[in-house]
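# Structure assessment
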Amino acid sequence: MTSKDKSLSVNIGGVLLDSPIVIASGVWPYEEELWSPERLKGVGALSTKAVTLEPRIGNPGTRVWETPSGMLNSIGLQNGGVDTFIKEYLPIVRKSGLPFVVNVAVERPAETEATLKRLNEIREIIPAVELNVSCPNVDDGGMCWGLFPESAAQAVSLAREFWKGSLWVKLTPQSPDIRGVASAAEDAGADALVVANTWLGMAIDTRTARPVFERTCAGLSGPAVFPLALKAVWDVASTVNIPIVGCGGVFSYQDCLAMIMAGASAVEIGTAMFIDFETPARICNGLAGYLEEKVLSNLRELVGIAR
Amino acid sequence: MTSKDKSLSVNIGGVLLDSPIVIASGVWPYEEELWSPERLKGVGALSTKAVTLEPRIGNPGTRVWETPSGMLNSIGLQNGGVDTFIKEYLPIVRKSGLPFVVNVAVERPAETEATLKRLNEIREIIPAVELNVSCPNVDDGGMCWGLFPESAAQAVSLAREFWKGSLWVKLTPQSPDIRGVASAAEDAGADALVVANTWLGMAIDTRTARPVFERTCAGLSGPAVFPLALKAVWDVASTVNIPIVGCGGVFSYQDCLAMIMAGASAVEIGTAMFIDFETPARICNGLAGYLEEKVLSNLRELVGIAR
Amino acid sequence: MFDGESSIPAGDFKGTVRDIRQITETVFSIHIACPVISRLARPGQFIMIRFPNRSDPLLGRPLAVSSAGGDDISICFQVVGKMTALLSRILPGEILSLRGPMGNGFGLPSSTMVTMVAGALGAAPLIFAYNRMPQNIGKNFILGVADRSWYPFCEWIKKLIPEVRFFSEDGIIGKKGTVLNGLGEELSPEEEIWTCGPLPMMRAIGQKYTRGRERIRVSLETRMACGMGGCQGCVINTLKGKKRVCVDGPVFSAEEVCWDDLKG
Amino acid sequence: MFDGESSIPAGDFKGTVRDIRQITETVFSIHIACPVISRLARPGQFIMIRFPNRSDPLLGRPLAVSSAGGDDISICFQVVGKMTALLSRILPGEILSLRGPMGNGFGLPSSTMVTMVAGALGAAPLIFAYNRMPQNIGKNFILGVADRSWYPFCEWIKKLIPEVRFFSEDGIIGKKGTVLNGLGEELSPEEEIWTCGPLPMMRAIGQKYTRGRERIRVSLETRMACGMGGCQGCVINTLKGKKRVCVDGPVFSAEEVCWDDLKG
Ligand SMILES: Cc1cc2nc3c(=O)[nH]c(=O)nc-3n(C[C@H](O)[C@H](O)[C@H](O)COP(=O)(O)OP(=O)(O)OC[C@H]3O[C@@H](n4cnc5c(N)ncnc54)[C@H](O)[C@@H]3O)c2cc1C
Ligand SMILES: Cc1cc2nc3c(=O)[nH]c(=O)nc-3n(C[C@H](O)[C@H](O)[C@H](O)COP(=O)(O)OP(=O)(O)OC[C@H]3O[C@@H](n4cnc5c(N)ncnc54)[C@H](O)[C@@H]3O)c2cc1C
Ligand SMILES: Cc1cc2nc3c(=O)[nH]c(=O)nc-3n(C[C@H](O)[C@H](O)[C@H](O)COP(=O)(O)O)c2cc1C
Ligand SMILES: Cc1cc2nc3c(=O)[nH]c(=O)nc-3n(C[C@H](O)[C@H](O)[C@H](O)COP(=O)(O)O)c2cc1C
Ligand code: FES
Ligand code: FES
């Protein structure tokens, strides 16, 4: 894939990506070297670690645990708060020259509003906000907002009011009615949907006979959840008209293709970056090869064709 | 573990098991050789393939598909119907000398009633019925019964009326309120709960650009789902007082221990039998070793200790 | 017809890789030490192979036994996906988990002449069948391949089965055409056909003759999860209802298979 | 203090196993050909190791580089779980995936005498540090082990580090007692301690001296998922706030670590 090649380009809620691979929230640190073009080959965009109004120290105790073909995490939104983000990290993020989305964890309305207002002030340099109504690892708010259509509508409406740029909403697979939540988010003004965040699971350390995580439950990600994420994308794609970003267990170009054939326009990858830095480039090469083989000029032609 | 050793014995809703390992429904065929004691070392009980009133030919097309550390299946309750079961298979099942449970798929009330009545007529030779309110792979009924407390209560009450023996109820993890469903089942007369069945997922064959399964969705099982199943057991164990049988991705004795520490009294294993016939014996040896190391006389002492 | 003998796998065994040989760019043959399976295996039977102590890839993959002798068996396979790619990089000394031997196998011939018809890797079980054929039975072996890339494979087969006749689509190896060109117009009552290969080939053979189809034994492939009859994932439609390829097959008579229901 | 140099892993590389050596019943050492990592690695740095093309085990496991020279690095490890069990059965020629080199490493000494204190496998990074110690720096090496089962390990270390002094809990190897018995009452201003081993040992060393703690460098272990600073799974509490062991460490000064918050 050359940088001029536009066969993999997509438009996600007004954000133009050269490749459909978005690095998911919470996996890419703010070390400057990692934001150089050589370290981001094949990446179309990045989502930042969740940003909250005030700094958060995250959860105590064990934070990551491996499971068969997956991992559980309970980080708990550790971050320096929106001001630190803007001052210290945003300059690094911008250095990559790539589009990025600022992952904003929904807190209580006052906090969410304040965070978005701060970002809105500088919205000409922020391509999009990814509203995270799906973090399973905190007490206040987090995932609860994404469980039901009503609360999701409330959270998205609030965001829409205070953030004027492109608004992506990241859903939780924990919702009993993900289609309803998706519609509600669309109606409330979302420009794109990220489907989805982690699944709630748990682990017990049999040597200590205690739950591994202090909060007992944690979020499951990685290849293990791919079949579940694909179904969520399939379901949501039958419901909304805004672009969908598939997320959950994508590792190979076949995984990415499957997401696209199910109706996603792009994918986010998280855990895969823990395993192999070359994942985005590898997926892009695979996709480009597939397009060539099938004599297709743009990946967009494949969106939803399995339906 | 000698056969006299009772340290692993458990009582699940009135059924006495020498080991806490139950072979899950739908994985053990009725070939006579497989019901001999040498082929069932370490097995405490077996659950039969789902039985319906009439014969069912199951689903067309691809029925199994591997996923990372898991598998999707869409078998669709293929079985010969309750009469064939009683005439042809029950004698084989009984040959093992082990306790068994007859997995009965909930259909429309009339069918469910008829099936249970037939079984009830011979209830002195049937240790228990496992009411399957959780099959994701059929249109009529199946999982729907297990999604909500009200419908679960209805299905279990009906079963309780026509089946007088021990009644296990197998829940679906697809329920948005598995605690509520568990309570409803308990209140309606369940003697034990099996937590849980498969998770709904899907796969797309990227070479054909079509969903792999004719019914699009299929049930995910295997190690991949273990963290999710453990959480389901944890949740249900905080809600009911009847014994819980953990099910989903159990492969190792540590998995089994974790289930027990979370509040299960036994486990069912399905996919593991596809991989390794020795799984039950291997788990039992591991459990026995653990008890010895911790100087415990019975596995029961560990039930729920992680709580 | 072929279900006289039990076809439930004897168990799960450990096998040690003795050596691996690359035959073409994508075809490999592996020798594995596994005394129990070697002793029990009959032609047409297969094993489910996987890597122990890892859950990805999770399920065993069915591969035909292509020879068995002493403590060893051999398999040969083409790299088509995850497991076969991993197997192609295996090293002598590595341990594999083998479930088997299983399936009904080809059984014993009921005629005096057996024509074995292989398509590409379908040769695997037929090599074994050829070598174990009772002395008093006449035998032919026909192998069809796509193109010149199969040349080293054909060379390799020729060493094992000197009488083999080749057909290739481009005519570069053996005669031009498919294996069907190597079969007579009618199937004489003394003759039977054992075949294994891509489904379209087997279907064509299975439907070629109006008479004698019961004397055509086809070894079918379907996706499998358990290899012991439990999952019902490998079922096909036959005249006698649903049958499981893993334990009721993989060898069926061409007559009983509902060919139109088979996909591929 | 040790964060002068960049500690982001250079990338993910393939490494070919050259040989594997069993040292004790549970301890193994592996040589791996991986030119880039060999060239870049500095003492105290580590790699995340995993098997390519399989998602179980999924995450890399952090293992210290115990030597680097030419194209090769070596690691040594104890079998404690899934990955280490698989590694212990690896064969020459197998390909591993290596992320690294990473972590700040021990850096350069700021005194004229370095006492290296290892507990069991904590020796791994210190062997490397010992061999790369600048000529003009004095050095000691103390190794503590549990019991006689570690005898072959001690023999192996002795060949690499002739001056090593041993302590064992049962007194069968070297002196009876723990490594703490090998340390002076005070830490002289010219001396510093580099240590790696079980947490209780490092905690005891880290808290032994009231003065000079800033001259004690401890290499910590925590559970890791990414090894590149992204997941924040490996954080510990320090006087300067949360730090990630993978990229901000694994080497910290005993002074900055909040010892009471560390579990284990
Ligand atoms: C009884 C039997 C005997 C066989 N013997 C041989 C043999 O001797 N040599 C040989 O090369 N192959 C043989 N096969 C086919 C072999 O099982 C598949 O090629 C193998 O499972 C592919 O595994 P994989 O992980 O490499 O591919 P996957 O990643 O699983 O899939 C890649 C491709 O292989 C196909 N495939 C996957 N599983 C199966 C399956 N169970 N049956 C058919 N196609 C499948 C898929 O549809 C896909 O096209 C046999 C199959 C059966 C049923
Ligand atoms: C920077 C660093 C360098 C290390 N260097 C070495 C070394 O040179 N030699 C060596 O033998 N070991 C070393 N370790 C420890 C090594 O990482 C663990 O022993 C290894 O991850 C266990 O993997 P496993 O799959 O075999 O065990 P698992 O199945 O993952 O777990 C088994 C046990 O190991 C513990 N464990 C798992 N992961 C970690 C981890 N990341 N850190 C600490 N404990 C863990 C678990 O708590 C459990 O007790 C190092 C750890 C770190 C952080
Ligand atoms: C360590 C870790 C931290 C994460 N932090 C966040 C976060 O801050 N905000 C968020 O929306 N998602 C977060 N996620 C979820 C991922 O962005 C992604 O949705 C999820 O991991 C599923 O994708 P994957 O299977 O490709 O990893 C985190 C995931 C991991 C593993
Ligand atoms: C091939 C297959 C067929 C199954 N058939 C049934 C069934 O008939 N009735 C039922 O209650 N569960 C059925 N199940 C679900 C299993 O009993 C079990 O609940 C599930 O697989 C999770 O456990 P595991 O991860 O140990 O396999 C089936 C599972 C598989 C894989
Ligand atoms: S593979 Fe499971 S029944 Fe045949
Ligand atoms: S291991 Fe991920 S931040 Fe350190």
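Look above for the structure.
The structure contained in this document is the topic of the report that follows. (Residues numbered from 1 in each chain as written. Chains lettered and ligands numbered in written order. Predicted model: local features only at pLDDT ≥ 70, side-chain atom pairs only at ≥ 80, totals over all residues. Heavy atoms only, no water.)

With an RMSD of 0.0 Å, the fit of chain C onto chain D corresponds to turning through 180 degrees and sliding 0.0 Å along the axis. This pairing of chains is accounted for by a two-fold axis. Closest approach to the rotation axis within chain C is made by the C-alpha atom of C:D56, at a distance of 2.7 Å. Of the residues that chain C buries at the interface, 100% are likewise interface residues in chain D, meaning the two copies contact each other through the same surface. (Least-squares fit on C-alpha atoms with pLDDT ≥ 70 in both. Contact = heavy atoms within 4.5 Å.)

Our focus in this paragraph is the pairing of strand 8 (residues 113-119) of chain D. All names here are of chain D. Of all seven residues in strand 8, six are buried, a share of seventy percent or more. The pairing of strand 8 with strand 9 (residues 138-145) spans seven bridges and is classified as parallel. Of the residues in strand 9, the one forming a bridge with T115 is N140. One crossover worth recording links strand 8 to the parallel strand 9 by way of helix 3 (residues 123-131), and it is right-handed. Both strand 8 and strand 12 (residues 191-196) contribute to a ladder of six bridges, which runs parallel. Bridge pairing in strand 12 links M113 to E191. (Buried < 20%, exposed > 50% of the residue type's maximum accessible area, 1.4 Å probe, protein only. Helix = DSSP H or I, 4+ residues; strand = E, 2+ residues; numbered from the N terminus. Pairing = 2+ DSSP bridges. Right-handed = clockwise from strand over helix to strand, strands pointing away.)

On to the nonpolar core. If you look at soluble globular proteins, the nonpolar side chains tend to sit buried side by side. Ranked by size, the top nonpolar core spans 274 residues in total, and within it A:L193 and B:L193 carry the most contacts. When neighbours within four sequence positions are excluded, B:L193 is seen to be in contact with B:V169, B:L171, B:A182, B:A185, B:V236, B:V240, B:I242, B:P243, B:I244 and B:V245. (Core = buried A, V, L, I, M, F, W, Y, C linked by side-chain atoms within 4.5 Å.)

Here we come to the sheet that holds strand 8 (residues 128-132) of chain B. All names here are of chain B. Reading around the circumference, 3-4-7-8-9-10-15-16 is the order of the eight strands in this closed barrel, with parallel pairing throughout. When strand polarity is set aside, the average angle formed by the axes of neighbouring strands in this sheet is 25 degrees. Packed onto the sheet, helix 2 (residues 109-121) meets strand 7 (100-105) and strand 8 and runs at close to 160 degrees relative to strand 7. (Axes fitted to C-alpha atoms, helices over the stretch in contact; angles between N-to-C directions.)

The next thing to look at is the site of ligand 2. Taken together, 21 residues form the shell around ligand 2, and within it A:R207, D:P62, D:M83, D:T84 and D:R223 come nearest. Near ligand 2, the surrounding residues belong to chains A and D. D:E221 is positioned with one of its side-chain polar atoms (N or O) 3.4 Å from a nitrogen atom of ligand 2. At a separation of 3.0 Å, a nitrogen atom of ligand 2 approaches a polar backbone atom of D:T222. Here ligand 2 loses 83% of its free accessible area of 840 Å² to cover by the protein chains. (Near = heavy atom within 4 Å. Polar contact = N/O pair within 3.5 Å; in protein donor to acceptor, adjacent residues only side chain to side chain. Areas by Shrake-Rupley, 256 points an atom, 1.4 Å probe, with all protein chains shown as cover.)

Each copy of the sequence occupies a distinct position, and chain B is placed on chain A by a rotation of 180 degrees and an axial shift of 0.0 Å, giving an RMSD of 0.0 Å. The residues that chain B uses at the interface reappear at the interface of chain A in 100% of cases, marking a shared surface.

Turning our attention to the pairing of strand 10 (residues 165-168) of chain D. A regular strand carries its side chains on alternate faces of the sheet. Residue and element names in this part refer to chain D. Bridge analysis of strand 9 against strand 10 gives four bridges, and the strand direction is parallel. Paired with I142 across the bridge in strand 10 is R165. For the crossover from strand 9 across helix 4 (residues 151-160) to strand 10, the handedness is right-handed. Here strand 10 pairs with strand 11 (residues 175-176) via two bridges, running parallel. Each residue of the ladder has a partner; that of F167, found in strand 11, is K175.

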